[in-house]
Amino acid sequence: MAEHRQLNIYLLRHGECEGGEIIRGRSDVALSDEGKAQMWRSWRAISSELEQLPSAPQSLALLSSPAQRCQAFAAELKADMPDYFPAPLQQHDWLWELDFGDWDGMKVASVYQQHSEAAKAFWRDPVANTPPGGESLPAFRSRVLDGWQTMVQRWLAREVSSSESSVSGDSASSASADAALILTHSGVIRLLLAEILLPGQMPPAAVFNALELPYAAWVRITLYASRDASGESDQEWQCFSKLHWPQ
């Protein structure tokens, strides 16, 4: 006899940031006022959609990149709606943006002026070309997908515990909702979209250089999970993902 679960996961990109047109990556910059407004608008759209789901969740798990452009809004959202986000805010390093190395924090125009050939090569084929001193795309993909798969399996097993990396430090609480909101970055979202559309393959360059994913863009991923209920209790769930296109 098979056991089935359905999870709805919302990925929300951070809003516009202070500092202008720079390569952010691991640079920890704050949201601008417009960026905060963008994220509130996106959250209102997400919450409206949640109410329309066949089994509307009463609460959500809340996860975030440690970058302040993500976690500061997540903390504000949780403080504003504690009943909707009862479990502690989770911060996970696998949700960080790609590390752009020497380019991190530089203005985009300066990168093209000072590293013209390397910049063109990276955006033409980011899989084969890594920013100097930065994280390769294969390494980035492994980090994100390993974190994603671990999160999903623990969540399905009701083991997503706040003791791992919660802000509050309350190790007794766990995220048991069948819906979650994850605040993260453009690169992370692009990798997860690519994995759903082309599972097991390196993402094509077009995922990074031809797909528009504006500030505060969001997407819903529905996971349909099943496992043999008569098997071992630690048996992994098999998941099929459905993508609801970015908003």
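From a predicted model like this one, the values you see are computed outputs, not experimental measurements.

Caption draft 1: Quick look at the overall build of the protein. Broken down by element type, the protein carries seven helices and six strands. The secondary structure elements of the protein, listed N-terminal to C-terminal, are β-α-β-α-β-α-α-α-β-α-α-β-β. Counting only residues that meet the buried cut, the protein has 49% of its 247 residues in that class. Sequence-distant contacts in the protein: of pairs separated by 6 or more residues, those separated by 24 or more amount to 74%. Total accessible area computed for the protein in this model is approximately 11,600 Å², and 48% of it derives from carbon and sulfur atoms.

Caption draft 2: Region of the structure containing a nonpolar patch on the surface. On the surface, Leu197, Leu198 and Trp245 cluster together to form a nonpolar patch covering roughly 300 Å² of accessible area. Along the chain, the position of Leu198 falls in the loop between helix H6 (186-197) and helix H7 (206-209). With relative accessibility at 31%, the residue Leu198 sits in the partly exposed group.

Caption draft 3: Focus on the nonpolar core. Core analysis: the largest hydrophobic core is formed by 43 residues, its most contacted members being Ile9, Leu11, Trp103, Trp148, Met151 and Ile182. Breaking this core down by element, the ones donating at least two residues are strand S1 (2-13), strand S2 (61-64), helix H4 (116-124), helix H5 (137-156), strand S4 (179-184), H6, H7 and strand S5 (218-228). A per-element tally of this core places H5 first, with nine residues. Setting aside chain neighbours within four positions, we find Trp148 in contact with Ile9, Leu11, Trp94, Ile182, Leu192, Ile221 and Leu223.

Caption draft 4: Looking closely at the sheet that holds S2. Taken in spatial order, the six strands of this open sheet run S3-S2-S4-S1-S5-S6, and their pairing is mixed. Of all the strands in the sheet, just strand S3 (90-91) and strand S6 (238-244) have a single pairing partner and so form its edges. Strands S1, S2, S4, S5 and S6 of the sheet are contacted by H5, whose axis makes an angle of about 135° with S1.

Caption draft 5: Summary view of the side chain of Arg220. Turning to its location among the elements, Arg220 is positioned in strand S5. Under the relative-accessibility criterion, Arg220 is labelled buried at 11%. A distance of 3.0 Å separates polar atoms of two side chains, one belonging to Arg220 and the other to Asn8. In contact with Arg220, other than residues within four places in its own chain, are Asn8, Ile9, Tyr10, Glu49, Leu53, Lys242, Leu243 and His244.

Caption draft 6: Expanded view of unusual backbone geometry. Phi is positive for Ala216, which is not a glycine, with a value near 65°. Along the chain, Ala216 falls in the loop between H7 and S5. Given the relative accessible area of 5%, Ala216 is considered buried.

Caption draft 7: View of the pattern of salt bridges. Applying the stated criterion across every chain yields a total of six salt bridges. For the salt bridge of Arg141 with Glu195, the shortest nitrogen-to-oxygen distance reads 3.0 Å. Taken as a pair, Arg141 in helix H5 and Glu195 in helix H6 lie far apart in primary sequence, 54 residues in all. Judged by its relative accessible area of 19%, Glu195 falls in the buried class.

Caption draft 8: Expanded view of helix H2 (residues 68-80). The first and last C-alpha atoms of H2 sit 17 Å apart over 13 residues, in line with the 18 Å expected at 1.5 Å per residue. Here H2 has its buried residues at Arg69, Cys70, Phe73, Ala74 and Leu77. Looking straight down H2, one finds that the buried residues subtend no more than 120° of arc, so they occupy a single side.

What counts and how
- Residues numbered from 1 in each chain as written.
- Predicted model: local features only at pLDDT ≥ 70, side-chain atom pairs only at ≥ 80, totals over all residues.
- Heavy atoms only, no water.
- Helix = DSSP H or I, 4+ residues; strand = E, 2+ residues; numbered from the N terminus.
- Buried < 20%, exposed > 50% of the residue type's maximum accessible area, 1.4 Å probe, protein only.
- Contact = heavy atoms within 4.5 Å.
- Areas by Shrake-Rupley, 256 points an atom, 1.4 Å probe, with all protein chains shown as cover.
- Patch = residues over 30% accessible without salt bridge, like charges linked within 9 Å, V, L, I, M, F, W, Y side chains within 5 Å.
- Salt bridge = Lys/Arg side-chain N within 4 Å of Asp/Glu carboxyl O.
- Core = buried A, V, L, I, M, F, W, Y, C linked by side-chain atoms within 4.5 Å.
- Pairing = 2+ DSSP bridges.
- Axes fitted to C-alpha atoms, helices over the stretch in contact; angles between N-to-C directions.
- Polar contact = N/O pair within 3.5 Å; in protein donor to acceptor, adjacent residues only side chain to side chain.
- Expected span 1.5 Å × (residues − 1).
- Arc of directions from axis to C-beta.

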